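Single-letter residue listing:
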Number of protein chains: 2
Amino acid sequence: MQVTPWKVEGAIDYNKLVKEFGTKLIDKALLKRIEKYSKLNPMLRRGFVFSHRDLDLVLNDYSSGEGFFLYTGRAPSGPMHIGHLMPFYITKWFQDAFKVNLYIQIPDEEKFLAKKELTLEEVDKWVIDNILDIIAVGFDPDRTFIFQDREYIKGLYTIACRIAKKVNISTAKAVFGFNNESNIGIMFYPIMQNVPTFFEKKRGLIPSAIDQDPYWRIQRDIAEGMGYFKTAAVHCRFLPPLTGIEGKMSTSESDTAIYLHDSQEDVRKKIMKYAFSGGQATIEEHRKKGGNPEIDVSFQWLSIFFEEDDTKLKKIHDDYKSGKMLTSELKAILVNKINDFLRDHARKKADAVKLIKQFKYDGKLAKKMWDFEKNNL
Amino acid sequence: MQVTPWKVEGAIDYNKLVKEFGTKLIDKALLKRIEKYSKLNPMLRRGFVFSHRDLDLVLNDYSSGEGFFLYTGRAPSGPMHIGHLMPFYITKWFQDAFKVNLYIQIPDEEKFLAKKELTLEEVDKWVIDNILDIIAVGFDPDRTFIFQDREYIKGLYTIACRIAKKVNISTAKAVFGFNNESNIGIMFYPIMQNVPTFFEKKRGLIPSAIDQDPYWRIQRDIAEGMGYFKTAAVHCRFLPPLTGIEGKMSTSESDTAIYLHDSQEDVRKKIMKYAFSGGQATIEEHRKKGGNPEIDVSFQWLSIFFEEDDTKLKKIHDDYKSGKMLTSELKAILVNKINDFLRDHARKKADAVKLIKQFKYDGKLAKKMWDFEKNNL
């Protein structure tokens, strides 16, 4: 198992990760506390969101009236797949439940600095497309600010300098695994990803996949010394790639992922051909022994995101396990669910074109942040 | 002898520096070529500007009509002294002679990142004051753009990312002497100082003291691969501190420097008390043996900057060397020259208040650069 912001490989032992990273499991008591504010979505109630830092303190701050804010992001370098959307849907749940400000960073330099062959021009081709996919998730346009690092840099750089002065090369090497051959742009970049945690003098809550956690360890070391809050986080698991439940879905291996732009036919073909099955080799054997939903990617996807109804999900689980439901039938259910989702997403993405100005410039929060940008010297 | 961008100490062997740094001496033939364009100022004709990189190519580019541009800067953290002005007067000579664009960088993050105890607030106190001192030198307001890094960062950051990707941690450590305890802000900063060399697809010429040369070695390694010119440079010696001809004038030791804000009385007292003398211990001995102008700081200052007239300078030299002129008389000449200069500077600085908008925003070049800032994504 290897889990860093740049590489996720192997069978992931999430309990071990929690210990290694020093985060906490989200237990039933904590879920009960969250549930008071709004009905839990499947990702929360089924343990896809499994780990946190200081979520209890976030809830305290909310109850006491101090409030909190949300922060997440997406580094563009290609089309988004379904796995990329999970943290955004978790974020949306929190914004809907608590009506708080949300900052969405689009670091349009990160992948350029990290990948030898990638050009800025290639990155720039995907920026707006990715932003539209994100807007389609359905955030509050007056409480959400979407910003690109290179465009909003004047709002970031002074804070970045203040942070960078507190972090030495040793620390950056230890936390991120840089070495002397790393370029000094990617070395500096983690600072940029820390900046939004200093946008408000409230506790920030960052929903992300667990591999992003190292970025904010630095923040938690220095924030209080700078008069800010240690950032809080909720971590989700990885949506398993189609080809098996190990690792995470990868943009570079297109067979393992369902892209948001995949056609209905693409989706059907990919699921039928690649979705790793927990079923038996023959129908006869399957009827007799039953399937294993725990390792079946189609079932896992239904469980994580695509089947919201717990009763229906349980029936699928039991029918598959008993052998009553065949792999092809299970896959057909998923194909329909994904295609419904993608059809809806495409419609919302088309509508998002009209909203982009509001999220980037004209919404209530966006306006406030551009005023800050103008006057922060 | 130690000469780095952060420390200058000991008796400086300039010929050795030229060898170590791999620059070239400005020889008589090159001076003759420059002289064709305009009468040399004392700093050029008396060898205070002594070293260069590619100045011959700059002159070729100018002759062929391709042109070139100038770039220099000043990191604010306190008041400016006379030594800080030398590179600006050299720069002014080149702008007057060749009528070319000049970019003046005010890195209002550098000293904050480099000095543990210095705050950004302390830096910001000096930014405008330093800019006014620079404007007082008398640049062409339509061909000069003065910019602060944190204010103009959107015009800098994308170029900075392109450069940073080409420079690895090893190189930065080797060139600048960083170690693992260095903070990652100061590690990234040299990139910012390289950005203005990419403002035009022409050769850039950087007048600076020789200790700044390492900053642009990186540029010369990567510029051509990025479709730009290797930057050219002219290097000056250090104006010796009052207390002796070793090292350079330091802002932190106020006795060794004449500040631009020093009163006429301050100047008189400092020169009389601290200016290292090449004279003899008693008047009798001085009359008999004569003084040594080579180690006499007052004579050196007259030679470098304050006595433009070669005939007058030679007479002072000869009279002092022969013992005809006493140290007190030599010092009195310098005091008058400095006080005349500072009176004139103060008047120009007062006038500069009205010009600051033109240099920063409204002048022809400034306007062009802000248009670039707006549209460079």
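Residues numbered from 1 in each chain as written. Chains lettered and ligands numbered in written order. Predicted model: local features only at pLDDT ≥ 70, side-chain atom pairs only at ≥ 80, totals over all residues.

A. Expanded view of the overall build of chain A. Secondary structure summary: chain A contains 17 helices and nine strands in total. The dimensions of chain A, computed from C-alpha atoms along their principal axes, are 70 × 45 × 45 Å. With 377 residues in all, chain A has 48% of them scored as buried. Taking as baseline every contact in chain A between residues at least 6 positions apart, the subset at least 24 positions apart corresponds to 75%. (Helix = DSSP H or I, 4+ residues; strand = E, 2+ residues; numbered from the N terminus. Buried ≥ 20, exposed ≤ 12 C-beta atoms within 10 Å, placed from the backbone. Contact = placed C-beta atoms within 7 Å.)

B. Expanded view of the relation of the copies chain A and chain B. When chain A is fitted to chain B, the residual RMSD is 0.0 Å, and the transformation amounts to a turn of 180° plus an axial shift of 0.0 Å. What the rotation and shift describe, once combined, is the action of a two-fold rotation axis. Looking at the interface residues of chain A, 100% of them are also at the interface in chain B, so both copies use one shared face. (Least-squares fit on C-alpha atoms with pLDDT ≥ 70 in both.)

C. Fine view of the environment of I131 of chain A. All names here are of chain A. In this fold, I131 is placed in helix α7 (residues 120–135). Residue class for I131 comes out buried when judged on the 22 C-beta atoms lying within 10 Å of it. A C-alpha to C-alpha distance of 34 Å links I131 and K28, two positions 103 residues apart in sequence. Among residues more than four places away in sequence, those in contact with I131 are I106, I146 and I356.

D. How the structure looks around the interface of chain A and chain B. Taken together, the contact between chain A and chain B spans 28 residues of the former and 28 residues of the latter. At the level of secondary structure, the elements contributing two or more residues to the side of chain A that touches chain B comprise α6 (110–114), α8 (153–164), α9 (169–176) and α10 (184–194) of chain A. It is α8 of chain A that contributes the most residues to the side of chain A that touches chain B, six residues altogether. Of the residues belonging to the side of chain A that touches chain B, the class tally is 15 nonpolar, seven polar and six charged. (Nonpolar A, V, L, I, M, F, W, Y, C, P; charged D, E, K, R; others polar.)

E. Representation of the domain arrangement of chain A. Residues and elements named next belong to chain A. Split by domain assignment, chain A resolves into domain 1 (2–242) and domain 2 (254–348). Here the C-alpha centre of domain 2 lies 29 Å away from the C-alpha centre of domain 1. On the side of domain 2, 19 residues touch domain 1, which itself brings 17 residues to the contact. Elements with a minimum of two residues in the side of domain 1 that touches domain 2: α3 (42–45) and α5 (82–98). Within the side of domain 1 that touches domain 2, the residues separate by chemical class into twelve nonpolar, three polar and two charged. (Domains from an automatic or database assignment.)

F. Here's a closer look at the sheet that holds strand β6 (residues 102–106) of chain B. All names here are of chain B. Here seven strands make up an open sheet; going across it, the order is β3-β4-β9-β8-β5-β6-β7 and the pairing mixed. The outermost strands of the open sheet, each flanked by one partner alone, are β3 (24–25) and β7 (144–148). Pairing between strand β5 (residues 68–73) and strand β8 (residues 203–209): three bridges, direction parallel. Note that in β8 the partner of F69 across the bridge is G204. (Pairing = 2+ DSSP bridges.)

G. A look at the packing of helix α12 (residues 264–274) of chain A against helix α16 (residues 327–362) of chain A. All names here are of chain A. Contact pair α12 / α16: the axes reach a minimum separation of 10 Å and the direction vectors enclose 150°. Overall, the two elements α12 and α16 adopt an arrangement that is roughly antiparallel. Crossing geometry of α12 relative to α16 is assigned as right-handed. Of the residues in α16, those touching α12 at Q264, V267, R268, I271 and M272 are K331, L334, V335, I338, N339 and L342. Per-class residue counts for the contact of α12 with α16 are seven nonpolar, two polar and two charged. (Axes fitted to C-alpha atoms, helices over the stretch in contact; angles between N-to-C directions. Parallel < 35°, antiparallel > 145°, perpendicular 65-115°, else oblique. Left-handed = near helix turned anticlockwise from the far one by under 90°.)

H. Molecular detail of the sheet that holds strand β9 (residues 232–236) of chain A. Residues and elements named next belong to chain A. The strand order across the open sheet formed by seven strands is β3-β4-β9-β8-β5-β6-β7, and the pairing between neighbours is mixed. Each edge of the open sheet carries a strand with a single partner, namely β3 (24–25) and β7 (144–148). Here five bridges tie strand β8 (residues 203–209) to β9, and the two strands are oriented parallel to one another. Directly across from A209, in β9, lies its bridge partner C236. Contacts from α5 reach β4 (49–53), β5 (68–73), β6 (102–106), β8 and β9 within the one sheet, and its direction differs from that of β8 by about 150°. Packed onto the sheet, α7 meets β6 and β7 and runs at close to 155° relative to β6.

I. Expanded view of unusual backbone geometry. We note that K99 of chain A has phi near 55°; this positive angle belongs to a residue other than glycine. Relative to the assigned elements, K99 of chain A resides in the loop between α5 and β6. On the neighbour-count criterion, K99 of chain A (10 C-beta atoms within 10 Å) is exposed. Positioned with a positive phi, D54 of chain B is a non-glycine residue whose angle comes to about 60°. Relative to the helices and strands, D54 of chain B resides in the loop between β4 (49–53) and α4 (55–64).

J. Geometry of the environment of T171 of chain A. Structurally, the position occupied by T171 of chain A is in helix α9. In the structure, T171 of chain A is positioned 31 residues away from D140 of chain A in sequence and 37 Å away in space, judged by C-alpha atoms.

K. Up close: the pairing of β7 of chain A. All names here are of chain A. The element β7 is largely enclosed, with a buried count of four among its five residues. In terms of strand pairing, β6 meets β7 through five bridges, oriented parallel. Looking across to β7, one finds that Y103 is bridged to F145.

L. Seen up close, helix α11 (residues 214–222) of chain B. All names here are of chain B. Looking only at α11, the buried set comprises Y215, W216, I218 and Q219. Down the axis of α11, the buried side of the element spans an arc of 140°, and every buried residue falls inside it. As for α11, its buried residues are in contact with α9 (169–176), α10 (184–194), β8 and β9 (232–236). (Arc of directions from axis to C-beta.)

M. Examining the pairing of β6 of chain B more closely. Residues and elements named next belong to chain B. Most of β6 is tucked away: five of the five residues are buried. With burial as the criterion, each face of β6 is covered, one bearing L102, I104 and I106 and the other bearing Y103 and Q105. Where β5 and β6 come together, four bridges link them in parallel fashion. Paired with L70 across the bridge in β6 is L102. As a crossover connection, the stretch from β5 through helix α5 (residues 82–98) into β6 is right-handed. (Right-handed = clockwise from strand over helix to strand, strands pointing away.)

N. Looking closely at the environment of G291 of chain B. The residue G291 of chain B is located in the loop between α13 (283–289) and α14 (297–306) in this model. Dropping the residues within four chain positions of it, G291 of chain B is found in contact with G278, G279, Q280, H286, D296, Y320, K321, G323 and T327 of chain B.

O. Seen up close, the confidence of the model for chain A. Of all residues in chain A, 98% have pLDDT values of 70 or greater, and the mean over the chain is 94. Across the predicted assembly, pTM comes out at 0.94 and ipTM at 0.94. (pLDDT = per-residue confidence, 0-100.)

P. A look at the packing of α10 of chain A against α10 of chain B. Remark: α10 of chain A packs on α10 of chain B, axes separated minimally by 10 Å, with the N-to-C direction vectors making an angle of 130°. The angle between α10 of chain A and α10 of chain B falls in the class oblique. Crossing angle aside, the handedness with which α10 of chain A passes α10 of chain B is left-handed. Side by side, α10 of chain A and α10 of chain B meet where I184, M187, F188 and I191 of chain A of the first sit next to I184, M187, F188 and I191 of chain B of the second.

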